[in-house]
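# Residue-level structure breakdown
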Amino acid sequence: MSIIIKQVTGDGEKIHVKVIISEQCPHVEGHEVTLVFSLSEDYPSESCPQIEVSSYSIKCDDIRDKLQTYAHSNVGSPLLLDLINYAKDLIQDLHSSNTSDCVQLATHRENSVTDTQSSSPLPPPPSSHTKNLKAKSLTSQNIGSQTGIKDVQNWTLLIHIDHMRAKAKYIKFIKKWCRDFQLSGQLIFFKKTILLFLIGEHNNLKSYLVQHKTVCVDVDSRGVGCKEKMMTVLCEEPYLKDSLNIIRSALQIQECSSLDEVKDIFTNASSQHLFVNYVSKLKSIHH
């Protein structure tokens, strides 16, 4: 199964994220499902994504209803990655239930081909010119007809960390995981506020979160190693800008003395909306 973030657009009021999920059947044509998530300005704090699901090969009403129900049940939490993975599971389950039908249809087609071959000569193999035409056709379908659309490879992850008792140890873990998962970004300290702003491939960000939540990164009040249980994921979303230079840089530690310095970090990363929608609304940022 393949998942491609195919398009991210904005209309001034909402951001629309288009996702293509493909499930191949080994016998006959597989399923391709298109999901469009529409995010309002107050997502995720006060609203959930509006979801559209379409496919030329399967009925999508049940998938859309289950995704929308899940979204409404989790308002206030970043949901895009969870919804994409949930959709993948739903499509995979539907695909598995239809596998026997695929096999029967494939067998019927194979028998029909065998009968035809016994009475008709094989067609000539395609010429190189025909192959080139097919290649050009595919290019036109996948690229030329979608001018201005490019795959979104990088995502952003914004985390609010409640506290660090063993600060040096904690930072050492974060730096190591960022190297391991090829992530970059900023670890920001301002008064009592600690923010971790990361950029990288969304699967790597997911793996990072697993590490951050399951490894003893800090110590408790008795000095005993403990896992992170109080951090909050403020936002996860596609990174819309060209992040080549940012991705090449290592994680940077930022000790800020003013709120304007914090704001400048997000502005320089072309992510000022994250500051406006999430950082500026933290209670700790103003105390």
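Our structure's up above, just so we're on the same page.
Analysis parameters
Residues numbered from 1 in each chain as written. Predicted model: local features only at pLDDT ≥ 70, side-chain atom pairs only at ≥ 80, totals over all residues. Heavy atoms only, no water. Helix = DSSP H or I, 4+ residues; strand = E, 2+ residues; numbered from the N terminus. Salt bridge = Lys/Arg side-chain N within 4 Å of Asp/Glu carboxyl O. Buried < 20%, exposed > 50% of the residue type's maximum accessible area, 1.4 Å probe, protein only. Polar contact = N/O pair within 3.5 Å; in protein donor to acceptor, adjacent residues only side chain to side chain. Contact = heavy atoms within 4.5 Å. Pairing = 2+ DSSP bridges.

Turning next to unusual backbone geometry. The backbone phi angle of K191 is positive, close to 55°, even though this residue is not glycine. Of note, K191 is situated in the loop between β6 (184–190) and β7 (193–201). Residues other than glycine seldom take positive phi values, yet S270 does so here, at roughly 55°. Considering the arrangement of structural elements, one finds S270 in the loop between α8 (259–268) and α9 (272–277).

The next subject is the pattern of salt bridges. Pairing between side chains becomes possible if they bear opposite charge and their charged atoms approach one another. On inspection of all chains with the given rule, the structure shows 6 salt bridges. Measuring nitrogen to oxygen at the nearest pair gives 2.9 Å for the salt bridge that ties K167 to E255. On the criterion of sequence distance, the pair formed by K167 in helix α5 (residues 167–180) and E255 in strand β11 (residues 252–256) is long-range, its members being 88 residues apart. A salt bridge links R222 to D220; its shortest N-O distance comes to 3.5 Å. The buried category is assigned to D220, whose relative accessible area is 18%. Taken together, the shared-partner salt bridges in this structure form one network comprising D61, R64 and D65.

Bringing the side chain of N204 into the picture now. Structurally, the position occupied by N204 is in helix α6 (residues 202–214). Within the local environment of N204, its side chain forms a polar contact with the backbone oxygen of F181, the two atoms lying 3.0 Å apart. Setting aside its immediate chain neighbours within four residues, N204 contacts F181, Q182 and L183.

Our next topic: the pairing of strand β10 (residues 232–238). Counting buried positions along β10 yields 5 of 7 residues, so the element is predominantly enclosed. Pairing of strand β5 (residues 154–161) with β10, which is carried by 6 bridges, proceeds in the antiparallel orientation. Directly across from W155, in β10, lies its bridge partner P238.

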